[in-house]
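# Examination of the molecular architecture
Listed below are the residues making up each chain.
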Amino acid sequence: MKALITGATSGIGKCIAEKLSQRGWELILTGRNEEILAEMAERLGKCEIVAADLSQKSEIFKVYDFCRGKNVDMLVNNAGFGVFGRFSETDLDTEIDMLTVNITAVHILMKLFLREFREKDSGIILNVASAAAYLTGPLMASYYASKSYVLKLSAAAAEELRREGSKVKITVLCPGPVDTEFNNRAGVTFSMKPVSAEKTADCGLNAAFSGKLIAIPNLVTKLGVTGARFLSHKLTARLVYGMQERKKGV
Ligand SMILES: NC(=O)c1ccc[n+]([C@@H]2O[C@H](COP(=O)([O-])OP(=O)(O)OC[C@H]3O[C@@H](n4cnc5c(N)ncnc54)[C@H](OP(=O)(O)O)[C@@H]3O)[C@@H](O)[C@H]2O)c1
């Protein structure tokens, strides 16, 4: 069995790679950091690597082309990052890069692999969204919105597969705060106790192997996203603003 994992050089993606390798899977790992990719390939074995910057559309297709004809069984769309700040003030170029990684790369890879998977009537897609997908997120507005896209796209495509009796499975992993490099990269600190990348990876993989659509790693996050369904966008936005504000004084 073979998996392509994006964002495999750090955090949740790195843990997913290690766990799949322990289960005997062959891996294709991607990320920008070629040195870490090479170190992982040497350590894990049965591993191919392809360095790519997924904020560039051509590099997204480069990753797909690298995988062509290699009989991939599982796609893990995990690469992503967040931009913190008031929507009117955040840097437009950085935000467009984020939308390309968080949305466009997920969209393109999911579509192209789904076509292959449908043809052979087998395959697993694990998309890493976030609990943010359920919320309205002032001070990280476009990040929250990007994760909402991933959740809605995945759930819709999963229903299309279910209706046609396909054996292809889609899972969306929606963690709350996870202890990774994510916050450092977004320039913020945690306002809640994070769960480990290891627990998050286990939760996503278990759900993916059992064909569960949604995977949420801990009870507090599950309660939070369930509660949010009963609140208006306006009220959710007010609550999330307070939460986000505690991550960094703005
Ligand atoms: N940590 C959290 O609190 C949390 C909560 C909910 C959801 N998530 C989601 O979990 C996923 C993984 O994040 P993480 O928490 O594990 O953070 P992380 O430790 O910062 O890892 C992010 C990964 O994404 C890759 N990446 C970032 N920009 C990229 C680009 N332009 N091109 C290619 N790869 C890129 C990075 O690889 P390179 O640097 O090598 O390119 C890295 O491997 C993300 O989608 C994130 O939104 C995280």
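Going by the structure above, here's the rest.
Below or above, wherever it landed, is the structure these notes cover. (Residues numbered from 1 in each chain as written. Predicted model: local features only at pLDDT ≥ 70, side-chain atom pairs only at ≥ 80, totals over all residues. Heavy atoms only, no water.)

### Concerning the pattern of salt bridges
So the rule is basically this: Salt bridges are counted wherever a side-chain nitrogen of Lys or Arg sits within 4 Å of a carboxyl oxygen of Asp or Glu. Strands are runs of DSSP state E lasting at least two residues, helices are runs of H or I lasting at least four, and both sets are numbered from the N terminus onward. Residue exposure (1.4 Å probe, protein chains only): buried if accessible area is under 20% of the type maximum, exposed if over 50%, otherwise partly exposed.
Counted under the stated rule, the structure contains 13 salt bridges. In this structure, arginine 43 engages glutamate 39 in a salt bridge whose closest nitrogen and oxygen atoms are separated by 2.8 Å. Placement of both arginine 43 and glutamate 39 in helix 2 (residues 34–44) is noted, with a separation of four residues, approximately one turn of the helix. A residue is classified by how much of its surface remains accessible, and arginine 43, at 44% relative accessible area, is partly exposed. Where arginine 163 meets glutamate 159, a salt bridge forms, and the shortest distance between an N and an O atom there is 2.6 Å. Within this pair, arginine 163 and its partner glutamate 159 are both found in helix 5 (residues 141–163), separated by four residues, close to a single helical turn. For glutamate 159, a relative accessible area of 27% gives the class partly exposed. Taken together, the shared-partner salt bridges connect Glu18, Glu39 and Arg43 into one network.

### Things to note about the site of the ligand
Worth spelling out the cut-off: If even one non-hydrogen atom of a residue comes within 4 Å of a molecule or strand, that residue is called near it. Two N or O atoms form a polar contact when they lie within 3.5 Å of each other; inside protein one atom must be a possible hydrogen donor and the other a possible acceptor, and for residues adjacent in sequence the pair counts only when both atoms belong to side chains. Side-chain classes follow a simple rule in which Ala, Val, Leu, Ile, Met, Phe, Trp, Tyr, Cys and Pro form the nonpolar group, Asp, Glu, Lys and Arg form the charged group, and the remainder, Gly included, forms the polar group.
Contacts to the ligand come from 31 residues, most closely from Thr9, Ser10, Arg32, Tyr143 and Thr180. Residue lysine 147 places a side-chain N or O atom 2.9 Å away from an oxygen atom belonging to the ligand. Take valine 178: an N or O atom from its main chain is 2.8 Å from an oxygen atom of the ligand. Where the shell around the ligand is concerned, the elements lending two or more residues are helix 1 (11–22), helix 5 and helix 6 (182–186). Class assignment for the residues of the shell around the ligand results in 14 nonpolar, 12 polar and five charged.

### Comments concerning unusual backbone geometry
Even without being a glycine, lysine 46 presents a positive backbone phi close to 40 degrees. Mapped onto the elements, lysine 46 comes out in the loop between helix 2 and strand 3 (47–51). Of the residues examined, lysine 46 reaches a relative accessible area of 55% and is grouped as exposed. Despite not being glycine, leucine 139 has its phi angle at roughly 75 degrees, a positive value. Judged by relative accessible area, leucine 139 falls into the buried class, the value being 4%.

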